[in-house]
Amino acid sequence: MGFLSVIRRWALRDKMPIREISRRTGLSRNTIRKYLREGAVEPKFKTPSRPSKLDPYADLLSAWLLAQTRKPRKERRTVTQMHADLVKLGYDGSYGRVAAFARAWRADRHQAEQTTGRGTYVPLVFQPGEAFQFDWSEDWASIGGERVKLQVAHIKLSHSRAFLVRAYPLQTHEMLFDAHWHAFRVFGGVPGRGIYDNMKTAVDRVGRGKQRDVNARFKAMASHYVFEPEFCNPAAGWEKGQVEKNVQDARNRLWQVMPFFKGLDELNQWLEDRCIALWAETSHKALSGTIADVWEAEKPTLMALPPAFDGFVEHSKRVSPTCLITFERNRYSVPASFANRRISLHVYPERLVVVAEGQTVCAHERIIERSHHKPGRVIYDWRHYLAVIQRKPGALRNGAPFIEMPDAFRRLQDHMLRKEGGDREMVDILSLVLHHDEDAVLCAVELALEAGVPTKTHVLNLLHRLIDKKQTGLPEIDPPEALALDMTPKANVHRYDDLRQAKGKRHAS
């Protein structure tokens, strides 16, 4: 480039003859005239088109490379394998030429994706009450002194851009249904459409174009709240860009400034309060006023909120001979009458409900343990085993479910098992909770223990007094001296023998 600049300065500015320039530079006069005629300011070299041995196989190799981009990374063939396949088809060129072709093909494809294939969008506008957008994310929080990874549901109204963030331990159906209920409750109604990606809890199979096989339970939830679900194209997150941006904004506005919490319920309440506060602090940008102002205007256009959807997931379980069912590595007890039978387990975010014969049999608080290093837990309800110990009272002594009995029952059991037949009497006392209020039975047991008479007969007597509303502890009476007895009566049962055998006849035995 500097050499051409010198030639142009000598010829155009200094008016030096071409012959003199040729003598000084050693270039031919025709070359100098060509540079000056073309007005070249930098050298250009044209690479001549040379035939290659790979030309007959270029289309085939391009098709192979395109097919590899659609396969999982671990299943893709290497360029070495492609070169070997080309050799079998008659190619006698080098591997380097095939590798250079592959590099050039990938560079061209990457450039096309960065220009025409992406980066061009159409701005979207939504009418009041028209739609909402939903998405999941993963974030961390400190709960109960531990740092826990959470699955976070983000729901955002497309017009007013009011949003709610709610945390769950899992991305399952029951968590999804619960997130929708709380979002509609906070928004004050239900929009007409819901925009989702192709999450597995909503879409069973992605078809061609907009065809989707929607999950049956998700469809039932959408029918209950009367909104139309709409699903984005695969890997097209910009079709619900508002909630995608909300995921990024939430990390700065919520998760990085989050305090410590005792439990998940406390965390979700803080998230709800903080989201509502942010509505009033954040301007809408597209419309005048804050998000809260636009939401107040949008709220009348939302459909009235129906009752909460019964968002459970049903599982069929077989009860073991030990009256237990297994769910998520944990075991839960079931009444003994359903042992060795099939029951229906309804799974909610916070509880498990056992249903059989069209009725609710029992319920347990759901335990979710994310760590696989800890063994599964067994959750007993000692009342479920009362039918078993009525037939096998000896199992009461070492029965694992009865370790969790109330303290009063445990202390009474210590007294009962010291005497012969005490296990049977203790079973009879525990069985009272099947027919009477458990608090009343507990109160009777505590009164018997306080009186120092821990027997079955005394407990039954006290229980009937409590049920009949009779006083069990009468006040002390201080009688006047005029009513004092001159002679204290003595216990004498011989007179009863006289009554039994009066006048030589035996009246009673």
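Relevant structure appears above.
Every value quoted in this text rests on a predicted model; they were computed, and no experiment measured them.

Comments concerning the overall build of the chain
Stage number 1. When helices and strands are tallied, the chain shows 17 helices and 14 strands.
Stage number 2. For 509 residues, the compact-globule estimate of 2.2 N^0.38 gives 23 Å, and the C-alpha radius of gyration of the chain, at 43 Å, exceeds that figure by more than 25%.
Stage number 3. Considered along the principal axes of its C-alpha atoms, the chain spans approximately 175 × 65 × 45 Å.
Stage number 4. Evaluated residue by residue, the chain yields a buried proportion of 38% over its 509 residues.
Stage number 5. Sequence separation of 24 or more characterises 58% of the internal contacts of the chain that already satisfy a separation of 6 or more.
Stage number 6. As displayed, the chain offers around 31700 Å² of accessible surface, 52% of which is attributable to carbon and sulfur atoms.

Section: the nonpolar core
Stage number 1. Phe134, Phe187, Phe227, Trp255, Leu267 and Trp279 are the most contacted members of the largest nonpolar core, which has 51 residues in total.
Stage number 2. Sorting the residues of this core by element identifies strand 1 (131-143), strand 2 (146-157), strand 3 (163-168), helix 7 (173-187), helix 8 (216-225), helix 10 (264-281) and helix 11 (291-298) as the ones contributing at least two each.
Stage number 3. Counting residues per element, this core draws most heavily on helix 7, which supplies eight residues.
Stage number 4. Discounting residues that sit within four places of it in the chain, Trp279 has contacts with Ala162, Phe163, Val186, Phe187, Thr290, Ile291, Ala292 and Trp295.

Let's talk about the side chain of His346
Stage number 1. Mapped onto the elements, His346 comes out in strand 11 (residues 342-347).
Stage number 2. Within polar-contact distance, the side chain of His346 engages the side chain of Ser344 at 3.4 Å.
Stage number 3. Contact partners of His346, with chain neighbours within four places excluded, come to Phe312, Val313, Glu314, Arg351, Leu352, Val353 and Val355.

Some points on a nonpolar patch on the surface
Stage number 1. A cluster of nonpolar side chains, namely Val493, Tyr496 and Leu499, defines an oily patch on the protein surface of about 340 Å² accessible area.
Stage number 2. Its place among the elements puts Tyr496 in helix 17 (residues 494-500).

Structural notes on the side chain of Gln151
Stage number 1. When you line up the elements, Gln151 lands in strand 2.
Stage number 2. A polar contact of 3.4 Å, which involves the side chain of Gln151, links it to the side chain of Glu138.
Stage number 3. Apart from the residues lying within four places of it in its own chain, the contact partners of Gln151 are Trp136, Ser137, Glu138, Arg166, Ala167, Tyr168, Pro169, Leu170, Gln171 and Arg370.

Regarding the pairing of strand 2
Stage number 1. Here strand 1 pairs with strand 2 via 12 bridges, running antiparallel. For Phe132, the partnering residue across the bridge sits in strand 2 and is Leu157.
Stage number 2. Linking two consecutive strands that pair antiparallel, namely strand 1 and strand 2, is a turn of two residues; a positive phi of about 60 degrees is found at Gly144 within it.
Stage number 3. In this structure, strand 2 lies alongside strand 3, joined through six bridges in antiparallel fashion. Note on strand 3: the bridge partner recorded for Gln151 is Tyr168.
Stage number 4. Count of turn residues in the strand 2/strand 3 antiparallel hairpin: five residues, of which Arg161 carries a positive phi of about 65 degrees.

Conventions adopted
- Residues numbered from 1 in each chain as written.
- Predicted model: local features only at pLDDT ≥ 70, side-chain atom pairs only at ≥ 80, totals over all residues.
- Heavy atoms only, no water.
- Helix = DSSP H or I, 4+ residues; strand = E, 2+ residues; numbered from the N terminus.
- Rg over C-alpha atoms; globule rule 2.2 N^0.38 Å.
- Buried < 20%, exposed > 50% of the residue type's maximum accessible area, 1.4 Å probe, protein only.
- Contact = heavy atoms within 4.5 Å.
- Areas by Shrake-Rupley, 256 points an atom, 1.4 Å probe, with all protein chains shown as cover.
- Core = buried A, V, L, I, M, F, W, Y, C linked by side-chain atoms within 4.5 Å.
- Polar contact = N/O pair within 3.5 Å; in protein donor to acceptor, adjacent residues only side chain to side chain.
- Patch = residues over 30% accessible without salt bridge, like charges linked within 9 Å, V, L, I, M, F, W, Y side chains within 5 Å.
- Salt bridge = Lys/Arg side-chain N within 4 Å of Asp/Glu carboxyl O.
- Pairing = 2+ DSSP bridges.

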